Amino acid sequence: MNILVLNCGSSSIKFALFNEEHKIIKGLIERIGGNDAIVNYELPQKNVKYKNVVSIPTHEVGIKILIEELLPQSGIKNVNAVGHRVVHGGDKYSLPVIVNDDVKKDIEECIPMAPLHNPHHLAGINAIENFLPKIPNIAVFDTAFFQTIPIEAAIYPLPYKYYEKYKIKKYGFHGTSHYYLMLKTAEILRKKVEKIKIITCHLGNGSSISAIKYGKSVDTSMGFTPAAGVMMGTRTGDIDPEIVPYIQILEGITPKEASIILNKQSGLFGISGISNDMRKIIDEMKKNFRAELAFKIFCYTVKKYICAYLGILNGVDAIIFSAGIGENSYLVRKEVLKDMDKLGIILDNKSNESCVGKDGIISSRKSKIKVLSIRTDEEVMIAMFTKKLVQKEN
Ligand code: AMP
């Protein structure tokens, strides 16, 4: 079965095509909306890379180019199913589903909660229905993995009517990544997922931490929106809620402007004043106090969540670091886990420093809790879900 995986963002289409064994082609179309869209793809098995700048005014045109021009480069002639990443599935979906009109309506109803994502996922689904009308589309929701979070961890202590009226609760995000990390951890530790308790740290430009008990998510750091939890590239993470109206009044700004500050001007970027990129922060750290402060706050907030989840899970088998920062920065891993020997966590400095951009165990033999660095792969997970669901239906 050949499966195309699509992740349609506000101005981009990330794609990957899988046959039974491998990722055959993967790529990214960026800057959709104008004459200077960038098309990137590679054929990992053949070591071929391609980049071009073309005019792509809409997602629909992007998908047409993908199907007619890019996918044929892989040598694969037919796609049997398409798996779509969908950021928000609301309360309804705890598993991937085959897309029909009702599912599309549900994705549309979640647009107010994911205005930057869900409209573009729908555009991708509609384009595939248009160009490849006979094949099934599967929606894989970022929020699905978190449907098992118990109610006391999911409902905010606001007046209960806001939960009833507006469905304000914790939904969580990056679920597909956390799910993949859970499966991969079990594989590396040679244990069943039903037998392990883990904390997964997806640390990228957006970051989230999840507590997973015997195959089920029991808590996660992102909340009603992806702005909650640990500090991120440009997002605050958790802050005192009263700060928001306070700044609004002092600066005379609207809720929308306040939201831009919280989501786009804060985090590593807001504290350092330099960049949202952890690499730049680390480069500047020795000579710039604010860069050093940004690094320290980031690591501190990650540590705080890990410790909270250690308590909630009554100890864990493993802590996993993943995504751009988690997979690549041994300095972040070292700072986050320093002075935790009394909790049974001891890094092996050599393994930690050498484990960059690859999978491995980075804790010392003396460490009761294993620490792993794992490269996340949401596309593989979406392809697996898609294949399983299509096979089940046939
Ligand atoms: P992601 O959102 O998972 O693609 O992660 C992107 C982020 O990973 C970038 O913004 C960088 O801050 C970070 N990153 C990538 N490589 C490194 C590295 N070698 N050291 C520190 N941070 C890195």
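In the block above lies the structure referred to throughout.
Residues numbered from 1 in each chain as written. Predicted model: local features only at pLDDT ≥ 70, side-chain atom pairs only at ≥ 80, totals over all residues. Heavy atoms only, no water.

J.: Help me understand the overall build of the protein chain in this model?
T.: Each helix and strand in the protein chain was counted, giving 15 helices and 14 strands. Taken over the C-alpha atoms alone, the protein chain extends approximately 55 × 55 × 45 Å along its principal axes. The 394 residues of the protein chain split such that 49% are buried. Expressed as a percentage of contacts within the protein chain between residues at least 6 apart in sequence, the contacts between residues at least 24 apart total 61%. As presented, the protein chain carries roughly 19,600 Å² of accessible surface, and 52% of it is formed by carbon and sulfur atoms. For the protein chain, the distance from the average position of its 52 positive side-chain charges to the average position of its 42 negative side-chain charges is 6 Å. (Helix = DSSP H or I, 4+ residues; strand = E, 2+ residues; numbered from the N terminus. Buried < 20%, exposed > 50% of the residue type's maximum accessible area, 1.4 Å probe, protein only. Contact = heavy atoms within 4.5 Å. Areas by Shrake-Rupley, 256 points an atom, 1.4 Å probe, with all protein chains shown as cover. Lys, Arg positive; Asp, Glu negative; His and termini not counted. Charge placed at Lys NZ, Arg CZ, Asp CG, Glu CD.)

J.: Looking at this structure, I do not really get the packing of helix α1 (residues 59–70) against helix α3 (residues 118–131). What am I missing?
T.: To characterise two packed helices, one gives the angle between the axes of the helices and the distance between these axes. For the pair α1 and α3, the least separation of the axes is 9 Å and the interaxial angle reads 50°. Classified by the angle between their axes, α1 and α3 sit oblique to one another. Pair α1 / α3 crosses with right-handed handedness. Residues His 59, Glu 60, Ile 63, Lys 64 and Ile 67 of α1 pack against His 120, Ala 123, Gly 124, Ala 127, Ile 128, Asn 130 and Phe 131 of α3. Here the contact of α1 with α3 is composed, by residue class, of 6 nonpolar, 4 polar and 2 charged. (Axes fitted to C-alpha atoms, helices over the stretch in contact; angles between N-to-C directions. Parallel < 35°, antiparallel > 145°, perpendicular 65-115°, else oblique. Left-handed = near helix turned anticlockwise from the far one by under 90°. Nonpolar A, V, L, I, M, F, W, Y, C, P; charged D, E, K, R; others polar.)

J.: I tried to follow unusual backbone geometry on my own but got confused; where do I start?
T.: You will see that Asn 47, though not glycine, has its phi angle at about 60°, which is positive. Mapping Asn 47 onto the fold places it in the loop between β4 (34–43) and β5 (48–56). Classification of Asn 47 by relative accessible area gives exposed; the value is 72%. Backbone geometry places Lys 167, a non-glycine residue, at a positive phi of 55°. Within the secondary structure, Lys 167 is located in the loop between α5 (160–166) and α6 (175–189).

J.: How should I be thinking about the packing of aromatic side chains in this particular structure?
T.: Centre distance and the angle of the planes are the two values used to describe a pair of aromatic rings. Within the structure shown, the criterion is met by 9 aromatic pairs. Between the aromatic rings of Tyr 171 and Phe 224, the centroid separation amounts to 6.2 Å while the plane-to-plane angle is 45°, which identifies the pairing as tilted. Pair noted here: Tyr 171 is in the loop between α5 and α6 and Phe 224 is in the loop between β11 (216–220) and α7 (243–251), with a separation of 53 residues, a long-range link. Phe 224 sits in the partly exposed class, given a relative accessible area of 23%. (Phe/Tyr/Trp six-rings, centres within 6.5 Å; stacked < 30°, edge-to-face > 60°.)

J.: How do you make sense of the sheet that holds strand β10 (residues 207–213) when you look at a structure like this?
T.: Across a sheet, paired strands are connected by hydrogen bonds in the backbone, their directions being either parallel or antiparallel. Strand order in the open sheet formed by 6 strands is β11-β10-β9-β12-β14-β13, and the pairing between neighbours is mixed. Each edge of the open sheet is held by one strand with a lone partner, namely β11 and β13 (360–361). The pairing of strand β12 (residues 318–322) with strand β14 (residues 370–373) spans 4 bridges and is parallel. In the sheet register, Ala 318 faces β14, and the bridge partner there is Lys 370. Contacting β9 (197–203), β10, β12, β13 and β14, α6 runs over the sheet at an angle of about 130° to β9. (Pairing = 2+ DSSP bridges.)

J.: Would you mind going over the site of the ligand with me for this structure?
T.: Within the structure, the ligand sits among Gly 204, Asn 205, Asp 277, Met 278, Arg 279, Ala 323, Gly 324, Ile 325, Asn 328 and Ser 329. A distance of 2.9 Å separates an oxygen atom of the ligand from a polar backbone atom of Asn 205. Asp 277 places a side-chain nitrogen or oxygen 3.1 Å from an oxygen atom of the ligand. Its free accessible area being 500 Å², the ligand has 69% of it covered by the protein chains. (Near = heavy atom within 4 Å. Polar contact = N/O pair within 3.5 Å; in protein donor to acceptor, adjacent residues only side chain to side chain.)

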